[in-house]
Amino acid sequence: MKTEPTMIIIGAGIAGLSTGIYARMNGFDTQIYEMGSLPGGLCTSWSRKGYTFDGCIQWLVGTNPASSSHVPWQEVRALEGKTIYDPEEYLRVEVDGQCLIVYTDVDRFEKAMIDLAPEDLKPVKELTAGIRSLASMDLPLDTPGDPLAGVKSATSFLPAAPVWFKWGKVTMKDFVARLKSPFLRRALPLVAGEDFPIVGLMFMLSWMTNRNAGYPIGGSLEFAKTIEQRYLALGGKIEYHARVEKILVENDTAAGIRLSDGSEHRAAWVVSAADGHATIFDMLDGKYLNDTIRGYYDTFPIFQPIVQVSLGINRDMSHAPASVSFPLEQPINVSGTERTRLGYKIYHFDPTLAPAGKTVLQVLFDSNYAYWKAIAGDTERYESEKKAIAVQVIDRLEKRFPGIAGQIEVVDVATPLTTERYTGNWQGSIEGWMVTEKTMKMAFGKGMDKTLPGLKHFYMVGQWVEPGGGLPTAVMSGRKLVKQLCQKARKPFITTTQ
Ligand SMILES: Cc1cc2nc3c(=O)[nH]c(=O)nc-3n(C[C@H](O)[C@H](O)[C@H](O)COP(=O)(O)OP(=O)(O)OC[C@H]3O[C@@H](n4cnc5c(N)ncnc54)[C@H](O)[C@@H]3O)c2cc1C
């Protein structure tokens, strides 16, 4: 007779795998059902004719072994055997014939801004002082307001309070309004959007200056596979090509799941690490809902979906700057909107992604889900839109790198519908709830509910219950849930790196 797993986890993204790993460390029997064929969800890459195109990791918080934020990655052994690349530059932004280099080292970044805009010495120094303050702390990946995180963790955030109070309500738009230099006023919003909270940028640059936000060589899928191996080695089970259609509920208690092949599987606990909207409104038919949760989906902005153009190029570009945003003389039309800039990333720092002497170059555009959804049924139109974007991108790159058009061996275009199809994420979002003042307050406070009103033995983890999304929050989401379950069962929460 088949024994029932005690915990069913929907989705083998980083949050689902992490839930499985910590659950196994604490004695739960776990079964993950994943609709795709691979682990990782959004944390993925794909291969085409000898090139690997990465779909996720730009910077991963917690790569510095000296940092507390490294601990969960050690526990899930995500970085085992991996080389970390810490870039010198985050981004080059070209505006009006000048170039701002956003160095990852805060001193160099400060000098670069002051050299270009000496009249803004004071606000620039205030900005970099905030970055240095955050960098001087060893912040764990816990949510500061989470009572389960413990006193030590909560107090480690206390020194960040002055930065929070000074900058917590300031957006990029507010900050640049204080600047005198027209160049800096235009360049900085190209580093992070106009509505982006400045404190979010400060956190990012504080991690970077501490060499704590690197890139694991091998890319996103290899990273996810390492975590999957950890889960399997701990005795966890995964079934791929297993799409969960419904969550079974008996007496307002989650009792298991039904797959799209009609088979039913039961467990004591059901954890959804899949898309939030699909979980609440489709798998549970919107039956367990209140105004607060409905309000999230009605009003909170999400990280916009993207169009990703990936090129495999028979050309050595190892001496070119890796990450650049430059203005276009002739705009590009993407999903019905004119783009006057092009941002590209050259992956020369990861030799595993292209054959020797060749290069992967990628261009990302934020995009409009509704535009793509409207043409989804018309394959010819959909394909021709994709092709038109690639043609325009290659044409503009040719002007910058003469001869490149003839050296391109592979062209791959992914749209918001690609993201939706492969990961199920609502409207193709790449990271769930957008970082805004409101969602940051939530993330730093008591967080978003991980349960649904009236439904017992059911939890949600991952980017749709952790505002701001990202890989560190995904791994912590599973960790926090299992800790909570252990606390409820009055047993110690066990973690191990062994
Ligand atoms: C282009 C891009 C760049 C990014 N860059 C970074 C970065 O530099 N640093 C960073 O920290 N984060 C980055 N992110 C964000 C990060 O990838 C995500 O926030 C994180 O991976 C979310 O993990 P998750 O497990 O919560 O969700 P997901 O990855 O969405 O996992 C959900 C899983 O559930 C499965 N699923 C869905 N529905 C079902 C169903 N019905 N049945 C069974 N399975 C189902 C999906 O197939 C998927 O595997 C980036 C994302 C993108 C797309």
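Here we summarise the structure given alongside this text. (Residues numbered from 1 in each chain as written. Predicted model: local features only at pLDDT ≥ 70, side-chain atom pairs only at ≥ 80, totals over all residues. Heavy atoms only, no water.)

**Some points on the sheet that holds strand β5 (residues 60–61)**
Okay, step 1: With antiparallel pairing, three strands are arranged side by side in an open sheet as β5-β9-β6. Pairing within the sheet leaves two strands with one partner each, and these edge strands are β5 and β6 (84–85). (Pairing = 2+ DSSP bridges. Helix = DSSP H or I, 4+ residues; strand = E, 2+ residues; numbered from the N terminus.)

**A word on helix α16 (residues 437–444)**
Okay, step 1: Among the residues making up α16, those that are buried are Thr 439, Met 440, Met 442 and Ala 443. Burial along α16 is one-sided: seen end-on, the buried residues are contained in an arc of 160°.
Okay, step 2: For α16, the elements touching its buried residues are α6 (161–167), α9 (198–209) and α12 (291–299). (Buried < 20%, exposed > 50% of the residue type's maximum accessible area, 1.4 Å probe, protein only. Arc of directions from axis to C-beta. Contact = heavy atoms within 4.5 Å.)

**Re the sheet that holds strand β19 (residues 408–414)**
Okay, step 1: The strand order β8-β7-β16-β17-β18-β15-β19 describes an open sheet built from seven strands, whose pairing is mixed. Edge positions in the sheet fall to β8 (98–103) and β19, since each has one partner strand and no second. Between one strand axis and the next, the sheet turns by 25° as a mean value, whatever way the strands run.
Okay, step 2: Here strand β7 (residues 89–95) runs beside strand β16 (residues 323–334); their pairing, made up of two bridges, is parallel. Its bridge partner lying in β16, Arg 92 is registered against Val 324. (Axes fitted to C-alpha atoms, helices over the stretch in contact; angles between N-to-C directions.)

**A look at the pattern of salt bridges**
Okay, step 1: One pass over the full model with this rule turns up 30 salt bridges.
Okay, step 2: Lys 386 serves as the salt-bridge partner of Glu 383, at 4.0 Å between the closest nitrogen and oxygen. Residue Glu 383 and its partner Lys 386 are located together in helix α14 (residues 379–400), separated by three residues, close to a single helical turn.
Okay, step 3: We classify Lys 386 as buried; its relative accessible area is 15%.
Okay, step 4: Ionic contacts of the salt-bridge type, sharing partners, join the residues Asp 107, Glu 110, Lys 125 and Arg 132 into one network. (Salt bridge = Lys/Arg side-chain N within 4 Å of Asp/Glu carboxyl O.)

**Considering the nonpolar core**
Okay, step 1: Ranked by internal contacts, the top residues of the largest apolar core, which has 50 residues, are Met 7, Ile 14, Trp 73, Val 76, Phe 223 and Ile 227.
Okay, step 2: Secondary structure elements with two or more residues in this core: β1 (7–10), α1 (14–25), β4 (51–54), β5, α10 (219–233), β14 (269–272) and α17 (471–488).
Okay, step 3: A per-element tally of this core places α17 first, with eight residues.
Okay, step 4: Shared between two domains, this core takes at least three residues from each, and those domains are domain 1 (7–67 + 218–301 + 431–488) and domain 3 (306–414).
Okay, step 5: Apart from the residues lying within four places of it in its own chain, the contact partners of Trp 73 are Ile 14, Leu 60, Val 61, Gly 62, Ala 78, Leu 79, Phe 223, Ile 227, Leu 471, Pro 472 and Val 475.
Okay, step 6: Val 95, Met 137, Ile 198 and Val 435 belong to the second largest nonpolar core, which has 46 residues in total. (Core = buried A, V, L, I, M, F, W, Y, C linked by side-chain atoms within 4.5 Å. Domains from an automatic or database assignment.)

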